[in-house]
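One letter stands for each residue in the lines below.
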Amino acid sequence: MAFEGLSDKLSAAFKRLRAKGKLSESDIKEAMREVRLALLEADVSYKVAKDFVAQVSEKAIGAQVLESLTPAQQVIKIVNEELTALMGVSEVRLKSPKRPPAVVMMCGLQGAGKTTHSAKLANMLKKQGHRPLLVACDIYRPAAIEQLKVVGAKANTPVFEMGTASPVQIAKKALAHARDYGNDYVILDTAGRLHIDEQLMGELKDIKSTVEPSDILLVVDSMTGQDAVNVAKSFDDALGIDGVILTKLDGDTRGGAALSVRAVTGKPIKFVGMGEKLDDLEPFYPDRMASRILGMGDVLTLIEKA
Amino acid sequence: MGFFEKLTGGLKKTRDSMAKAVDSMFKSFTKIDKELFEELEEILIMSDVGAVTAADICEQLKDRVKEKGITDPALVTAELQGLIADMLRGGEALKLTTKPSVILIIGVNGVGKTTTIGKLSANLRASGKTVVLGAADTFRAAAIDQLGVWAERANVPMIRHSEGSDPAAVVFDTLSAAKSRGVDVVICDTAGRLHNKKNLMDELNKITRVIAREAPGCDLEVLLVLDATTGQNALNQAREFKDAAGITGIVLTKLDGTARGGVVIGIKNELQVPIKYVGVGEAIDDLQPFDADAFAKALFGKGEE
Ligand SMILES: Nc1nc2c(ncn2[C@@H]2O[C@H](COP(=O)(O)OP(=O)(O)OP(=O)(O)O)[C@@H](O)[C@H]2O)c(=O)[nH]1
Ligand SMILES: Nc1nc2c(ncn2[C@@H]2O[C@H](COP(=O)(O)OP(=O)(O)OP(=O)(O)O)[C@@H](O)[C@H]2O)c(=O)[nH]1
Ligand SMILES: [Mg+2]
Ligand SMILES: [Mg+2]
């Protein structure tokens, strides 16, 4: 890749500095220009990057340069720690309400990976000994129901569908069905929609008020650019999401959308999608995500050893 | 269709209100200074142009402004839009002169390939061409059924094999069918694939070799579908797909949202691949020929439908 690592750039910026002493304001300013650029190249939202840099600058100014580290490494360490902290904690569990079944509602933009990840969650729950039910609430996309049936069969999970009946009715009936058949998790696969589509956002609100999901999960494509903040904010404002699934991280995207989404919603990223197969579902690791966004996995292991 | 008309109507309102905000911001500038350029650069970055390309563009803009002696801040935005439109113009039309001609649709997962094929088929039919579709995504669950629905909507035939079969064989059969039936245009769907997966990119390469062998001398358009919501990763996508399959054009989808798709500027600049169409919704008539001027305007919120 053409991208020159942040650590190289910082090292270059700090060439004239000695390894000891304190970081001055102008040192930090110079370094933070590079950090900001790195964040933007990773698709972190413009405003989020700006806020982050301002916040970290304050912490870094006057920081003692540790004896074992160069100033460049010192800055990276601070930036990485702050970024990791912002990413939240690893929280892979779905909520379990007092009265089962737990209802998980998947939502997000078109093509983000909702249907695939509905099946991945079902697959995971099955392996944990649960009895999930998949529900086809996407009545719009061509062959959406068929797709859910195919992946449902692969996950050995029944699929509840009512053709093109209203999604609210489907969700409601599915819940009753789950109670009758002893399913302890109900996973609603909804249609992809734009966050500015008032009519379809209204549909999700109606489903929410009808079946009161225990987890409303926003499915976000990790390749998303600057629009991630608008999307995340709109869905969260409309529905009050409970968590995020970040998909397609098996690609080579730096995944700055993860930071944007965290920053505007404060909701945990619960899972990441690492492929098209049902087993390609992993917990979210804040530290890995931070170094991925900064584009410097190796440097961090070096620093850790230092 | 009524449902979708309503939908796009509603979306346009939201976009327009954003446009007004940007517009009034520019009116507030009274002189051309560093701040104005910073503001412009910020808008470019927020449109996914990328920090490096945005800075480049602003440098060029400064030169132009100086050269032309522009002093009115209101004219600077227009100049910038002109600059960007100039960068993006050219090569919009598909070249489909031979019989058959072939269109191969490729891209990463979920960007809108199959949907674009449905829209494009209807487009070509409307212009009097006959079309046959090849369902060469044999991998994704129900991908063939999905394309089948679009084939029905656009009223074009589709060649299909069963799920899990060799995609190159589907392409082969579709080309044979086109030749024996005297069809004008063959459009092949392919499975979504991430550009960093070598085996999947090799599979794509194999498909292009089948086309070269079975349709020698025929016009071939290899269209890379990019999701406008995608950020800087789209550059990697374009590079890798160009290497593996030699793309001739780009279709930029999902421009009906709030994403602007500015990353195509860097792609056009670096790879010289033209943008051919834009997707503006999920309905069959939501595909439009790319218009560089309208696109450049829309980057600043002043989209024209
Ligand atoms: N490589 C990769 N592909 C994925 C991942 N998750 C989903 N996909 C693929 O992305 C495409 C879209 O996935 P879907 O599950 O259909 O997405 P969706 O959000 O349900 O789409 P709509 O219902 O049309 O809004 C498919 O080709 C999936 O196989 C992932 O983690 N990695
Ligand atoms: N809003 C909007 N949605 C679109 C547009 N084009 C496609 N979509 C939607 O995006 C989702 C994915 O579209 P597909 O055509 O299945 O994408 P694909 O690239 O074929 O996906 P895979 O085959 O799984 O890789 C579907 O829900 C489409 O309806 C567009 O221009 N605007
Ligand atoms: Mg779906
Ligand atoms: Mg497809």
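Residues numbered from 1 in each chain as written. Chains lettered and ligands numbered in written order. Predicted model: local features only at pLDDT ≥ 70, side-chain atom pairs only at ≥ 80, totals over all residues. Heavy atoms only, no water.

## Let's talk about the sheet that holds strand β5 (residues 215-221) of chain A
All names here are of chain A. What counts is decided by this rule: Strand pairing is assigned whenever DSSP detects at least two bridges linking the two strands. Helix and strand definitions here come from DSSP, where helices need a minimum of 4 consecutive H or I residues and strands a minimum of 2 consecutive E residues; each element is numbered from the N-terminal end.
Here eight strands make up an open sheet; going across it, the order is β3-β2-β4-β1-β5-β6-β7-β8 and the pairing mixed. Strands at the two margins of the open sheet, each flanked by one partner only, are β3 (159-160) and β8 (281-283). As paired elements, strand β6 (residues 243-247) and strand β7 (residues 269-273) share three bridges and run parallel to each other. Paired with I245 across the strands is F271, a residue of β7.

## Topic: the packing of aromatic side chains
Residue and element names in this part refer to chain B. The condition is simple: The aromatic pairing rule takes the rings of Phe, Tyr and Trp, using the six-membered ring of Trp, and pairs them if the centres are within 6.5 Å, calling planes under 30 degrees apart stacked, those over 60 edge-to-face and the rest tilted. Three exposure classes are used, based on accessible area relative to the maximum for each residue type with a 1.4 Å probe and protein chains only: buried under 20%, partly exposed in between, and exposed over 50%. We call a charge positioned over a ring when the NZ of a Lys or the CZ of an Arg lies within 6 Å of the ring centre and within 35 degrees of the ring normal.
Within this structure, the stated rule accounts for one aromatic pair over all chains. Centre to centre, the rings of F290 and F295 are 5.5 Å apart; their planes meet at 55°, and the pair counts as tilted. With relative accessibility at 6%, the residue F290 sits in the buried group. Overall, F295 belongs to the buried group, its relative accessible area being 6%. If you follow K62 out to its NZ or CZ, it ends over the ring of F37, 5.3 Å from the centre. When the ring centre of W150 is taken as origin, the NZ or CZ atom of R153, which lies over that ring, is 4.5 Å away.

## So, the side chain of S118 of chain A
All names here are of chain A. The test is simple: Definition of a polar contact: a pair of N or O atoms within 3.5 Å, with one able to donate and the other able to accept a hydrogen when the atoms are protein atoms, and with sequence-neighbouring residues admitted only if both atoms are side-chain atoms.
Mapping S118 onto the fold places it in helix α5 (residues 114-127). Taking relative accessible area as the criterion, S118 reaches 0% and is therefore assigned buried. A polar side-chain atom of S118 sits 2.8 Å from the main-chain carbonyl oxygen of K114.

## Digging into the interface of chain B and chain A
This is how the line gets drawn: Here, two residues are considered to be in contact whenever any of their heavy atoms come within 4.5 Å of each other. Put simply, a salt bridge is a Lys or Arg side-chain nitrogen that is within 4 Å of an Asp or Glu carboxyl oxygen. Residue classes follow a fixed rule: Ala, Val, Leu, Ile, Met, Phe, Trp, Tyr, Cys and Pro count as nonpolar, while Asp, Glu, Lys and Arg count as charged, and any other residue, Gly among them, counts as polar.
Listed as interface residues are 42 residues of chain B and, on the opposing side, 39 residues of chain A. Here chain B is connected to chain A by one salt bridge. Notably, a salt bridge pairs K197 of chain B with D250 of chain A, separated by 2.4 Å at the nearest N-O pair. At the surface where chain B touches chain A, the tally comes to 17 residue pairs in polar contact (both at pLDDT 80 or more). Going through the elements one at a time, α1 (2-27), α2 (34-46), α3 (51-68), α6 (143-154) and α9 (233-245) of chain B are the ones with two or more residues in the side of chain B that touches chain A. The leading source of residues in the side of chain B that touches chain A is α6 of chain B, at five residues. Counted by class, the side of chain B that touches chain A contains 15 nonpolar, 17 polar and 10 charged residues.

## Observations concerning the site of ligand 1
Defined as follows: Near residues are defined by distance, with any heavy atom within 4 Å of the molecule or strand qualifying the residue. Accessible surface area values rest on a Shrake-Rupley calculation with a 1.4 Å probe, where residue burial reflects the displayed protein chains alone.
Neighbouring residues of ligand 1: 24 residues in total, closest K114, T115, T116, R141 and E276 of chain A. Residues close to ligand 1 are split across chains A and B. One of the backbone nitrogen or oxygen atoms of K248 of chain A is found 3.0 Å away from an oxygen atom of ligand 1. Within the complex, the protein chains bury 96% of what would otherwise be the 650 Å² of accessible surface of ligand 1. Broken down by element, the shell around ligand 1 gets its largest block of residues, five residues, from α5 of chain A. Of the residues that constitute the shell around ligand 1, the class distribution is four nonpolar, 12 polar and eight charged.

## Digging into α9 of chain B
Residues and elements named next belong to chain B. Cut-off, in case you're wondering: A helix's residues, less one, multiplied by 1.5 Å, set its expected span.
Its 13 residues place the ends of α9 18 Å apart at the C-alpha level, agreeing with the 18 Å of an ideal helix rising 1.5 Å per residue. Looking at the packing, one finds that the buried side of α9 touches β1 (101-106), α8 (198-214), β5 (220-227) and α10 (263-271). Phi for G246, located one or two positions after α9, is positive at around 60°.

## A few points about the confidence of the model for chain B
All names here are of chain B. To keep it simple, the criterion reads: One number per residue, pLDDT, summarises how confident the predictor is, and it ranges from 0 to 100.
Looking at chain B, pLDDT values average 91 and 90% of them are 70 or higher. The low-confidence segment residues 1-11, where pLDDT is below 50, has 12 contacts with residues more than four positions distant or belonging to other chains. As scored by the predictor, the complex reaches a pTM of 0.94 and an ipTM of 0.95.

## A short note on the domain arrangement of chain B
Residue and element names in this part refer to chain B. This is how it is decided: Each domain's extent was defined by an automatic or database domain assignment.
Assigned domains of chain B: these are domain 1 (3-88) and domain 2 (101-290). Contact with domain 1, which involves 14 residues of that partner, is made by 24 residues of domain 2. Summed over the shared surface of domain 1 and domain 2, the result is zero salt bridges. Counting only elements with at least two residues in the side of domain 1 that touches domain 2, the list comes to α1, α3 and α4 (73-88). Broken down by element, the side of domain 1 that touches domain 2 gets its largest block of residues, five residues, from α1. Looking at side-chain class alone, the side of domain 1 that touches domain 2 contains eight nonpolar, four polar and two charged residues.

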